[in-house]
Each structure stands twice: as C-alpha cells, then as structure tokens.
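Commentary on secondary and tertiary structure
Chain by chain, the residues run as shown.
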Amino acid sequence: KDQKSFIGMLETLSKLAKWNDINQYLHVFDTQPKHLKQIISKYFAEACIHLGKWDDLDRILEYSPVSSIQCIMLNALNALHKKDWDKVDVCFEHGFSLLASQPITFLEDEQKIHKEMMLLSQQLIEIKEMEKWLQSNKHENIKKIEAVWDARLKTAPRDFEMWLEIIGNRLIITQKRDKS
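Turning our attention to the packing of helix 5 (residues 54-61) against helix 6 (residues 69-82). Two elements in contact, helix 5 and helix 6, have axes whose closest approach is 11 Å; the angle formed by their N-to-C orientations is 140°. In terms of orientation, helix 5 and helix 6 fall into the oblique class. At the point where helix 5 passes helix 6, the crossing takes the left-handed sense. Contacts between helix 5 and helix 6 involve W54, L57, D58 and L61 from the first element and L74, N75, L77, N78, H81 and K82 from the second. Looking at the contact of helix 5 with helix 6 residue by residue, the classes come out as five nonpolar, three polar and two charged.

Our next topic: the nonpolar core. Side chains that are nonpolar tend, in soluble globular proteins, to be buried together. In this structure, I40, F44, L80, I127 and I173 are the most contacted members of the largest nonpolar core, which totals 46 residues. Ignoring anything within four residues of it in the chain, the contact list for I127 reads M73, A76, L77, L80 and V88.

Taken as a whole and judged by the stated rule, the model has five aromatic pairs. Measuring from centroid to centroid gives 5.1 Å for F29 and F44, while their planes differ by 50°, and the two rings are tilted. Within this pair, whereas F29 is found in helix 3 (residues 26-30), its partner F44 is found in helix 4 (residues 34-51), the two being separated by 15 residues in sequence. Grouping residues by exposure puts F29 and F44 together as buried.

Over its 13 residues, helix 1 (residues 3-15) extends 18 Å from the first C-alpha to the last, a length consistent with the 18 Å expected when each residue adds 1.5 Å. Where helix 1 is concerned, the buried positions are F6, I7, L10, L13 and S14. Across the axial projection of helix 1, the buried residues extend over an arc of 130°, all falling on one side. Along helix 1, exposed side chains directed more than 90 degrees from the buried face belong to K4 and K15. The inward-facing, buried residues of helix 1 contact helix 2 (19-23), helix 3 and helix 4. Regarding helix 1, its N-cap is D2, as a side-chain oxygen of that residue lies 3.4 Å from the backbone nitrogen of K4 further along. A17 sits one or two residues past helix 1 and shows a positive phi near 60°.

Procedures and definitions
- Residues numbered from 1 in each chain as written.
- Predicted model: local features only at pLDDT ≥ 70, side-chain atom pairs only at ≥ 80, totals over all residues.
- Heavy atoms only, no water.
- Axes fitted to C-alpha atoms, helices over the stretch in contact; angles between N-to-C directions.
- Helix = DSSP H or I, 4+ residues; strand = E, 2+ residues; numbered from the N terminus.
- Parallel < 35°, antiparallel > 145°, perpendicular 65-115°, else oblique.
- Left-handed = near helix turned anticlockwise from the far one by under 90°.
- Contact = heavy atoms within 4.5 Å.
- Nonpolar A, V, L, I, M, F, W, Y, C, P; charged D, E, K, R; others polar.
- Core = buried A, V, L, I, M, F, W, Y, C linked by side-chain atoms within 4.5 Å.
- Buried < 20%, exposed > 50% of the residue type's maximum accessible area, 1.4 Å probe, protein only.
- Phe/Tyr/Trp six-rings, centres within 6.5 Å; stacked < 30°, edge-to-face > 60°.
- Expected span 1.5 Å × (residues − 1).
- Arc of directions from axis to C-beta.
- Polar contact = N/O pair within 3.5 Å; in protein donor to acceptor, adjacent residues only side chain to side chain.

The structure is reproduced here in structure tokens:
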C-alpha cells in the first residue's frame, strides 16, 4: 500500500474508533521504516490502549515523536498503567512545556481560548489526578478526586466528543465508570 493511503486509512479508522481494525495492521507497522513508524505510532498506540494491549503499546511508543502532545499523553497513560510515577511526572511536565511553547495564536477570535488547547490541558491535569487517585490509600482522598471529576463534567459543555475524550482516559486507567 502507498504510505499516504495507509496513513489516511489509519487516521479514518482512529476517528471512527475502529481499534480492532487498526490492530489488524500491527504486522504492517512492524515492517515500516522508522520515519513512517513515527508518523503512524499514535494510531497504533491509541488502539493498543483502548484494547488493553499493553505489551504491544510499549513497543509502539518507542517510535512516538517527543514533539507530539498526543503521544506524550499516551506515554503518560502507559506509565500510569505501569505505576511508573517518575515517568508520569516527566510526561506531565513535557506535555505542559509543549503546550506553553505553542504560538500565542492558540487564542481564537475575540480572545477566546481554543477548545483543543483547553482539552489537551484538561487531559494533562487529569493524568496527574489519576496518578493521585491510583497512589491514594485513603478512601476520602479518592472520593475528593472523584467529586472533582463529577463537578468538572457537570460544568463541561454538552459536547459528547469532549466528554468521551475526558472520560475515556479515566475509564482506561481507573476502570471506574463515572456516575455522570
């Protein structure tokens, strides 16, 4: 298959959340040159996270670009799963460093903050909250974090895609379904 078509197909399958379909091409990923693996690693990594294929995820994330906030978050979620707190912290700091280094043009018309930037920031914050949730051995601390999550969703815009992005990572790591 030609590279552009392969990338386009993976992007489409990813947007449709067809994780099993993406995973069927894992053998193709393995045969690609390094530069192409860096481009497509995010699709395979996301599929592995959603399918719980943590061993494959490690191998794929070796090719993830360090300049991709999405890949940084995938690395952080993998570190949360492994309880590698130091790596979670490194990913968190690097993610915010990447966000802060973005051009100031992330502001939309009328000086409103760009929705995508806010969502990325929120996902990074939730990674730290999930880390605290996983580390906590006190029921009251866990309940406080869950109360923050509930309150956040109650004030979130009525946008299913945004909710899915926020709740999806939380569900993968905590295995806890949100009552909202």
